[in-house]
Amino acid sequence: MTSSRPVPERGGSRASSPGLAVAAVARRLGVAPATLRTWDRRYGLGPSARTAGSHRRYTPEDVARLLVMRRLTLEGVAPVDAAQAALEAGVEELEAAEEASAEAQQDVEDEPDQDDADDTRPADSGPRPARAHLRAIPGGGEGRQQPQQPNGVGAGGSASGRVSAVVDATLAYDQAACDDLLRIPAHGDPAAWWTQVVEPAWQRVAQRTVLAGPGAVPEVVLATAVLHALRDFTEAFERAQVAGGSPPANHPSRMRKIVLIFAAPDEVVPLSAHALAAALTAKGATVRIVTGPASTHRSLELVTMVRPAALVLATSQRRPDLDVVHAVHEGFPELPIVVGLSRDDAAGELPLAATVQRVRSFTGMLHEVLAVVG
C-alpha cells in the first residue's frame, strides 16, 4: 500500500532503478528484515515494485516512507501512528526524509574508524559530539503535535541538553541529581529514553578521563541511576497492569511466552539488556534477564527449564563472546535467537540459520523480538 503521490524523479535515476530487496533496505534503515516484513504485513509499508520474476522490490518512494516510519518510532511515536503518518506523507516530507538519510549516511562514511580516531585525537579535545537522530521532517509538522521525548524532553533538540545535564551530574558524583534526571515517567517509553538520553550520555562519560578519589567512579553513578529508573518504571507498570485486571508477571498465562535475555559473558553491568527488558515489558511482553555467570552448560539448562519463546543476546560490546548463541542454537535449532551486533565484522561469527537474526540497533532488537512474540 503506497500513496498515489509519487516522489518526483531526479535526473532519471528513479526511472532506471530496479528497486531494492528487503535485505538491502534493512541494512539502510538499521533494522532486521523481519521488522520490515512485519511493517508490510501489519501496516502496508511494503515493496510496491515487481521484477520480471515477480520478486517484490522497494522503490525509492517505499524506502522514503520507511525512513519516516523509522524516524517517528525512534522519537517514541506508537508504530501504528508512525505507519499512518508515513503512508500519508507528502512529496516534500518524503524528499526531506531521503535527503536527511543521505546526509546521515555521508556522515557515517566520512567519520574515521573509532580505533584510528582514538590514536590520533588529542587527549584534551573533549568528547566527540554525538550525531543526532533524524528529527522532524520539514513540511510535515504543520498542525501536528510534536511527540514528547522521555522525561518531558521535546522533539526539538532539547534531548541533547538532557544528555549534557546527565553527564554533568555523573561527573560531579551527584547521585540524587542523576536519579532525578533519568526518572522515566509513568507513560514514558524506555526504548526512546535509552536511545536518545542514556546511551549518548554513557558514551560521553566513557570517553572522559577523570582524576577521582577513592570510591568515586562516574560509570557507577550513571549505571546506578539507570538501573533505579528501569526498576521503578517496570514495577510501577506491572502494578498498573494488575490494577487494570491483567494477571501478575509470574502468572502461568504470561510465562508461556517468556523472552530470555542474556548479556555478553564479560559485561559487568549489562545496561542495554536491562533497558531492552523494560522496553519489552512496556509493550506487554514477559521478560527475564540472565544475570551472573552463565556457562554454555548452564545456559542450556536455563533454556530447557524456561522454554522461552525467544532468546536475545543484548550487549554493547563490539565483539562479544558468542558461545552461548552457538550452544543454544545447536541444542534448540527452532528457537528464535536475536543478537545485537553493531559491527559487520563480528556478524560472520554467528550461526548461519533462519532462526538466528543479527540486528544492528537497540530499536531493531525491540522490533524483532516483538515480531516473534507478538
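Residues numbered from 1 in each chain as written. Predicted model: local features only at pLDDT ≥ 70, side-chain atom pairs only at ≥ 80, totals over all residues. Heavy atoms only, no water.

K.L.:
Sorry if this is basic, but what is going on with the overall build of the chain here?
P.N.:
Within the chain, the regular secondary structure consists of 17 helices and seven strands. Taken over 374 residues, the chain has a buried fraction of 44%. At a minimum sequence separation of 6, the contacts of the chain that also span at least 24 residues come to 70%. Total accessible area computed for the chain in this model is approximately 18600 Å², and 52% of it derives from carbon and sulfur atoms. (Helix = DSSP H or I, 4+ residues; strand = E, 2+ residues; numbered from the N terminus. Buried < 20%, exposed > 50% of the residue type's maximum accessible area, 1.4 Å probe, protein only. Contact = heavy atoms within 4.5 Å. Areas by Shrake-Rupley, 256 points an atom, 1.4 Å probe, with all protein chains shown as cover.)

K.L.:
Looking at this structure, how should I read the confidence of the model for the chain?
P.N.:
When pLDDT is low, close inspection of the predicted coordinates is not appropriate. Here the chain averages 77 in pLDDT, and 78% of its residues register 70 or above. A low-confidence stretch, residues 1–16 stays under pLDDT 50, and its non-local contacts, those more than four residues away or across chains, total 30 contacts. The low-confidence segment residues 107–157 (pLDDT under 50) makes 70 contacts with residues lying over four places distant or belonging to another chain. (pLDDT = per-residue confidence, 0-100.)

K.L.:
Would you take a moment to explain the packing of helix 10 (residues 190–206) against helix 11 (residues 218–243) for this structure?
P.N.:
When two helices pack together, their arrangement is given by the angle between their axes and by how far apart the axes lie. Look at helix 10 against helix 11: their axes get within 10 Å of each other, and the N-to-C directions meet at 170°. Between helix 10 and helix 11, the angle falls in the class roughly antiparallel. On the side of helix 10, the interface is formed by Pro190, Trp193, Val198, Ala201, Trp202, Val205 and Ala206, while helix 11 contributes Pro218, Glu219, Leu222, Ala223, Val226, Ala229, Leu230 and Phe233. A per-class count over the contact of helix 10 with helix 11 returns 14 nonpolar, no polar and one charged. (Axes fitted to C-alpha atoms, helices over the stretch in contact; angles between N-to-C directions. Parallel < 35°, antiparallel > 145°, perpendicular 65-115°, else oblique. Nonpolar A, V, L, I, M, F, W, Y, C, P; charged D, E, K, R; others polar.)

K.L.:
Teacher, can you tell me more about the pairing of strand 6 (residues 337–340) here?
P.N.:
Successive residues of a regular strand alternate their side chains across the two faces of the sheet. Taking every second residue as pointing to the same face, both faces of strand 6 are buried, with Ile337 and Val339 on one and Val338 and Gly340 on the other. Each parallel crossover has a hand, and the one from strand 5 (residues 310–313) via helix 15 (residues 323–331) to strand 6 is right-handed. Two strands pair when backbone bridges link them, and strand 6 and strand 7 (residues 356–359) are joined in this way by four bridges, in the parallel orientation. Bridge assignment links Val339 to a residue of strand 7, and that residue is Arg358. (Right-handed = clockwise from strand over helix to strand, strands pointing away. Pairing = 2+ DSSP bridges.)

K.L.:
How should I be thinking about the pattern of salt bridges in this particular structure?
P.N.:
Side chains carrying opposite charge are able to pair once their charged atoms draw close together. Counted under the stated rule, the structure contains five salt bridges. Close ionic contact of Glu61 with Arg65 constitutes a salt bridge, the shortest N to O distance being 2.7 Å. Of this pair, Glu61 and Arg65 are both found in helix 4 (residues 60–74), four residues apart, which corresponds to roughly one turn of the helix. Of the two residues examined, Glu61 and Arg65, each falls in the buried class. With a closest N to O distance of 3.0 Å, Arg298 and Glu301 form a salt bridge. Residue Arg298 and its partner Glu301 are both found in helix 14 (residues 296–306); the two are separated by three residues, about one turn of the helix. (Salt bridge = Lys/Arg side-chain N within 4 Å of Asp/Glu carboxyl O.)

K.L.:
Honestly, the packing of aromatic side chains in this entry has me stumped. Any pointers?
P.N.:
The description of an aromatic ring pair rests on the distance of the ring centres and on the angle between the ring planes. Enumeration over the complete set of coordinates arrives at two aromatic pairs. Relative to Phe362, the ring of Trp194 lies with its centre 6.0 Å away and its plane at 35°, an arrangement referred to as tilted. With Trp194 in helix 10 and Phe362 in helix 17 (residues 362–373), the pair connects residues that are 168 residues apart, well separated along the chain. (Phe/Tyr/Trp six-rings, centres within 6.5 Å; stacked < 30°, edge-to-face > 60°.)

K.L.:
Would you take a moment to explain helix 5 (residues 79–88) for this structure?
P.N.:
In an α-helix, one turn spans 3.6 residues; hence positions three or four apart end up facing the same way. Among the residues of helix 5, Pro79, Ala82, Ala83, Ala85, Ala86 and Leu87 are the ones counted as buried. Next to the buried residues of helix 5 lie helix 3 (33–43), helix 4 and helix 17.

K.L.:
Would you explain the nonpolar core in this entry?
P.N.:
A general feature of soluble globular proteins is that nonpolar side chains tend to end up buried together. The biggest cluster of nonpolar side chains holds 48 residues, and the ones touching the most others in it are Leu182, Trp193, Ile261, Leu276, Leu280 and Val312. For this core, the elements supplying multiple residues, two or more each, are helix 8 (159–171), helix 9 (175–181), helix 10, helix 11, strand 3 (258–262), helix 13 (271–282), strand 5 and helix 17. Of all hydrophobic cores here, the second largest spans 25 residues; its members include Leu29, Val31, Tyr58 and Leu67. (Core = buried A, V, L, I, M, F, W, Y, C linked by side-chain atoms within 4.5 Å.)

K.L.:
Whenever I open this one, unusual backbone geometry confuses me. Can you help?
P.N.:
Trans peptide bonds make up the majority, and among non-glycine residues the majority have a negative phi. Located in the positive-phi region is Tyr173, a residue other than glycine, with phi close to 55°. Assignment of secondary structure puts Tyr173 in the loop between helix 8 and helix 9. On the basis of relative accessibility, which here comes to 31%, the residue Tyr173 falls in the partly exposed class. One non-glycine residue with positive phi stands out, namely Arg307, at about 55°.

K.L.:
Quick question: what am I supposed to make of the environment of Ser342 here?
P.N.:
Tracing the chain through its elements places Ser342 in the loop between strand 6 and helix 16 (344–347). Between the C-alpha atom of Ser342 and that of Arg319, which follows or precedes it by 23 residues, the distance is 9.1 Å. Dropping the residues within four chain positions of it, Ser342 is found in contact with Arg358 and Arg360.

K.L.:
What am I meant to see in the packing of helix 11 against helix 13 here?
P.N.:
Packing of helix 11 against helix 13 leaves a shortest axis separation of 10 Å and a crossing angle of 20°. Classified by the angle between their axes, helix 11 and helix 13 sit roughly parallel to one another. Like other packed secondary-structure pairs, helix 11 and helix 13 cross with a definite hand, here left-handed. Packed against helix 11, whose contacting residues are Ala223, Val226, Leu227, Leu230, Phe233, Thr234, Phe237 and Glu238, the element helix 13 presents Leu271, His274, Ala275, Ala278, Thr281 and Ala282 at the interface. Here the contact of helix 11 with helix 13 is built from residues that sort into 10 nonpolar, three polar and one charged. (Left-handed = near helix turned anticlockwise from the far one by under 90°.)

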